[in-house]
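Examination of the molecular architecture
The chain contents come next:
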Amino acid sequence: MAISKNSTKTTALVITVAIVLVVASFIYVGVARHSLKKERIALAEFERERMEEELQQLELEYGVQIDKIKQGNGYGEKYRSLSSDSLLEQLAREKAKAEKLSDELRLYKANSTKEIKRLTNEVASLRKVLKSYVVQIDSLTATNKALKQENESVKQNITRVEQQNNELAKAKETLTKQVAFAQKLELKEVVCTPLDRRGKATKSINRIVTLRFNFTIMRNPSAQPGIKKVYLRLLNPNDMAIASGMGESFTFEGSELVATATKQVEYGGNDLSEVIYWNVDATLLSGVYKADFFIDGERVGRLTFNL
């Protein structure tokens, strides 16, 4: 009977120990599961924060690449590269994807491991796409830089050629002026003699009917020989031009003038003495007169005299 009681106690003890062990096991497993869950949540939260930072960095890098294209291709000017525009559109789409992922990531709970994994894959894809764009943009930037250098070189060449052309034009103009100056005729020994009705010299202004101008066209081997027209233009004491039916019109320094008297001569390159008569057909005033002589559109002599 005593053995039976001891056996019963032993059995009860064993059962109690077994129950305690089972309960302890359940408690341990529960604690372990709770701890594992907390670790998973912490890990997911860490991963979410890491992705948020990476997405922000991606948005920034996409923006940098967009600015790089705009700055490298002179946006705001007339010229725009088609390849640059295409890249800008693609980059803008990818940047928008990164912004959308950032918004989605903020909506998911930390323990949404499935969604976080999906977002992780999409972020990795965006990173891979960005690398391919960086390669394209760097290549485009290098090409544009080379083109700009080439354009600058061409502009410098054009500027240099324009400067040379301007210098040549100036040299040609100077040479033309020098040749024209060398060919220009000049008068010497210019004398005005007032004549009366009998063709005799007179000092009385009331008796003057003709003014005789004697002059010599000076020798100039550089001048073109041939028929020349000598234009005489008189200015009265009031500096008013004296028109006459004996004169003709001519051009001087871009202006159309009318001569008081004209004579045609044949010039051979050596001194040529000539005379021009003006039959007075206007009222003469007492005072200082000026007589200008023109040949080939150039003023070749001036005489000042008193009447």
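Just so it is clear, the structure is predicted and the values come from calculations on it, not from any experiment.

This next bit is on the pattern of salt bridges. Here the structure, examined in full by the defined rule, presents seven salt bridges. As a salt-bridge pair, Glu248 and Lys229 come within 2.8 Å of each other at their nearest N and O atoms. In this pair, Glu248 is assigned in the loop between strand 3 (226-235) and strand 4 (249-252) and Lys229 in strand 3, connecting sequence segments 19 residues apart. One network of salt bridges, in which partners are shared, links Asp292, Arg299 and Arg302.

Glancing now at the pairing of strand 4. The two faces of strand 4 differ: Phe250 and Phe252 on one face are buried, but Ser249 and Thr251 on the other face are not. The pairing of strand 4 with strand 5 (residues 255-258) spans four bridges and is classified as antiparallel. Within the sheet, the bridge partner assigned to Thr251 lies in strand 5 and is Glu256. The hairpin turn running from strand 4 into strand 5, its antiparallel successor, is two residues long, and Glu253 in that turn takes a positive phi close to 50°.

Sheet architecture is open: four strands sit in the order 6-3-8-9, paired in antiparallel fashion. If you trace the sheet from one side to the other, it starts and ends with strand 6 (261-267) and strand 9 (298-306), each paired once. Recorded for the sheet is a direction-independent mean angle of 25° between the axes of neighbouring strands. Pairing between strand 3 and strand 6: seven bridges, direction antiparallel. Opposite Tyr231, over in strand 6, you have Thr262 as the bridge partner.

As a further point, take the sheet that holds strand 7 (residues 272-279). Overall, antiparallel pairing links the three strands, which are arranged 1-2-7 in an open sheet. Edge positions in the open sheet fall to strand 1 (187-195) and strand 7, since each of these has one partner strand only. If you compare each strand with its neighbour and ignore which way they point, the axes differ by 15° on average. Alignment of strand 1 against strand 2 (residues 210-217), held across seven bridges, turns out to be antiparallel. Bridging from a neighbouring strand, Leu187 pairs with Ile217 of strand 2.

This part covers unusual backbone geometry. The backbone of Glu189 shows a phi angle near 55°, a positive value even though the residue is not glycine. For Glu189, a relative accessible area of 56% puts it in the exposed group. Backbone geometry places Asp239, a non-glycine residue, at a positive phi of 60°. Examined against the element boundaries, Asp239 turns out to sit in the loop between strand 3 and strand 4.

Attention now goes to the nonpolar core. If you look at the biggest cluster of nonpolar residues, it comprises 30 residues, and the most contacted ones within it are Leu211, Phe213, Ile217, Leu234, Phe293 and Phe305. Breaking this core down by element, the ones donating at least two residues are strand 1, strand 2, strand 3, strand 6, strand 7, strand 8 (288-295) and strand 9. Sequence-distant contacts of Phe293, defined by excluding residues within four places in its chain, comprise Leu187, Val190, Phe213, Phe215, Val230, Tyr231, Leu232, Glu298, Arg299, Val300 and Gly301.

With that out of the way, let us pick up the packing of aromatic side chains. All told, the structure shown has seven aromatic pairs when counted by the stated rule. Each ring, one from Phe215 and one from Phe293, has its centre 5.5 Å from the other, and the planes form 50°; the classification is tilted. A residue pair is termed long-range when its members are at least 10 positions apart, and Phe215 in strand 2 and Phe293 in strand 8 qualify at 78 residues. Residue classification places Phe293 among the buried positions, given a relative accessible area of 0%. On the numbers, 5.0 Å between centres and 65° between planes, the contact of Phe252 with Phe294 is edge-to-face. Placement of Phe252 in strand 4 and of Phe294 in strand 8 is noted, with a sequence separation of 42 residues between them.

Should the pLDDT be low somewhere, the predicted coordinates at that spot are not to be read in detail. In the predicted model, the protein chain carries a mean pLDDT of 78, and the fraction of residues at 70 or more is 75%. Under a pLDDT of 50 for its full length, residues 74-80 has, in the predicted model, nine contacts with residues more than four places off or in other chains.

Our focus in this paragraph is a nonpolar patch on the surface. On the surface, Ile15, Ile19, Val23 and Ile27 cluster together into a nonpolar patch covering about 350 Å² of accessible area. Structurally, Ile19 can be placed in helix 1 (residues 2-72). Assessed through its relative accessible area of 48%, Ile19 is described here as partly exposed.

Thresholds, definitions, all that
Residues numbered from 1 in each chain as written. Predicted model: local features only at pLDDT ≥ 70, side-chain atom pairs only at ≥ 80, totals over all residues. Heavy atoms only, no water. Salt bridge = Lys/Arg side-chain N within 4 Å of Asp/Glu carboxyl O. Helix = DSSP H or I, 4+ residues; strand = E, 2+ residues; numbered from the N terminus. Buried < 20%, exposed > 50% of the residue type's maximum accessible area, 1.4 Å probe, protein only. Pairing = 2+ DSSP bridges. Axes fitted to C-alpha atoms, helices over the stretch in contact; angles between N-to-C directions. Core = buried A, V, L, I, M, F, W, Y, C linked by side-chain atoms within 4.5 Å. Contact = heavy atoms within 4.5 Å. Phe/Tyr/Trp six-rings, centres within 6.5 Å; stacked < 30°, edge-to-face > 60°. pLDDT = per-residue confidence, 0-100. Patch = residues over 30% accessible without salt bridge, like charges linked within 9 Å, V, L, I, M, F, W, Y side chains within 5 Å. Areas by Shrake-Rupley, 256 points an atom, 1.4 Å probe, with all protein chains shown as cover.

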